[in-house]
Amino acid sequence: MNKIFRPYLTLALFGSLLAFTSCDDHDHEPHDHEEELITTVMLTMTPQDGGQAVTATYRDLDGDGGQDPVYTPENVVLQAGKVYNTTIKLMDESHHEEDLTAEIREKGSEHQFFFEPSPATLLTVTTTDRDSNGRPIGLENTIQTSSNPQAGKLRVVLKHQPGGLKTDNSNISTGGTDADVQFNITLQ
């Protein structure tokens, strides 16, 4: 009778050992949360009618906490009554320089930028790039500045909206936040 049960016992022990080893291996692997570590957000704004491009950079190499982020320049000066073609570049510079812009574009159906000027009359942002579903991404935009000289802020938020969260009705509250920065803007 022992000979009949031994193969089953051996198979059960081998299966248990394999299951235990598999779980243990997965517990030590890094988990892919599909979220990017974004330390740097760079806006490049080029006047449509010609002229010098204006670059605004947010950099926080040590992430949340620690040292304060650095904005360069501290105050972004734009011309009142102008339209700027604007691109956004995203980087992870925590350990080495890694450009994340192409990855965000490639996964555009899971990402969307939102723009909140304050006051609302400061400027208008129109997103010009689209994901594979025809929905806005926000890496490419036009910015129309108010014709009135004034000062305010532009909040730029990148939302991660995987698994069908990104829809035609997505808003700044939909999904997880990959980046949330606020630039000081002066219109002259």
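Residues numbered from 1 in each chain as written. Predicted model: local features only at pLDDT ≥ 70, side-chain atom pairs only at ≥ 80, totals over all residues. Heavy atoms only, no water.

Chemist: Honestly, the overall build of the chain in this entry has me stumped. Any pointers?
Modeler: Within the chain, the regular secondary structure consists of 2 helices and 11 strands. Counting from the amino terminus, helix and strand elements in the chain follow one another as α-β-β-β-β-β-β-α-β-β-β-β-β. Here the chain holds 188 residues, and the buried ones make up 35% of them. Sequence separation of 24 or more characterises 65% of the internal contacts of the chain that already satisfy a separation of 6 or more. (Helix = DSSP H or I, 4+ residues; strand = E, 2+ residues; numbered from the N terminus. Buried < 20%, exposed > 50% of the residue type's maximum accessible area, 1.4 Å probe, protein only. Contact = heavy atoms within 4.5 Å.)

Chemist: Any chance you could explain unusual backbone geometry here in plain terms?
Modeler: Glycine aside, residues mostly have negative phi angles, and peptide bonds mostly take the trans form. A cis amide bond links Thr72 with the next residue in sequence, Pro73, at an omega value of -10°. You can see Pro73 is positioned in the loop between strand E3 (70–72) and strand E4 (75–78). In this structure, Pro119 follows Ser118 across a cis peptide bond, with omega equal to 5°. Among the structural elements, Pro119 can be located in the loop between strand E7 (111–118) and strand E8 (123–127).

Chemist: Explanation requested: the environment of Gly164 in the structure shown.
Modeler: With respect to the helices, strands and loops of the structure, Gly164 is situated in the loop between strand E10 (150–160) and strand E11 (176–187). According to the relative accessible area criterion, Gly164 is exposed, its value standing at 57%. Expressed as a C-alpha distance, the spacing of Gly164 and Ser109, which sit 55 residues apart in the sequence, is 8.4 Å.

Chemist: Explain the sheet that holds E7 here, please?
Modeler: Within a sheet, adjacent strands bond to each other through the backbone by hydrogen bonds, running parallel or antiparallel. Taken together, the 4 strands give an open sheet; going across it, the order is E4-E11-E10-E7, and neighbouring strands pair in mixed fashion. Bordering the open sheet on either side are E4 and E7, each of which pairs with just one other strand. Within this sheet the neighbouring strands show an average axis-to-axis angle of 30°, counted without direction. Here E7 runs beside E10; their pairing, made up of 8 bridges, is antiparallel. Bridge pairing links Phe114 to Val157 in E10. (Pairing = 2+ DSSP bridges. Axes fitted to C-alpha atoms, helices over the stretch in contact; angles between N-to-C directions.)

Chemist: Would you mind showing me how to read the pattern of salt bridges here?
Modeler: A side chain with one charge can pair with a side chain of the opposite charge if their charged atoms come near. Across all of its chains, the model carries 9 salt bridges by this definition. The shortest N-O distance in the salt bridge between Glu93 and Arg59 comes to 2.8 Å. On the criterion of sequence distance, the pair formed by Glu93 in the loop between strand E5 (83–92) and strand E6 (98–99) and Arg59 in strand E2 (residues 54–59) is long-range, its members being 34 residues apart. Judged by its relative accessible area of 31%, Arg59 falls in the partly exposed class. Beyond isolated ion pairs, a larger network of salt bridges with shared partners links Arg105, Asp129 and Glu140. (Salt bridge = Lys/Arg side-chain N within 4 Å of Asp/Glu carboxyl O.)

Chemist: Help me understand the environment of Asn171 in this model?
Modeler: One can find Asn171 in the loop between E10 and E11. In this structure Asn171 comes out as partly exposed when scored by relative accessible area, which is 37%. Dropping the residues within four chain positions of it, Asn171 is found in contact with Phe114 and Gln161. One polar contact links the side chain of Asn171 to the main-chain amide nitrogen of Ser173, over a distance of 2.7 Å. (Polar contact = N/O pair within 3.5 Å; in protein donor to acceptor, adjacent residues only side chain to side chain.)

Chemist: Looking at this structure, how should I read the environment of Phe114?
Modeler: Within the secondary structure, Phe114 sits in strand E7. Phe114 gets classed as buried once you look at its relative accessible area, which sits at 13%.

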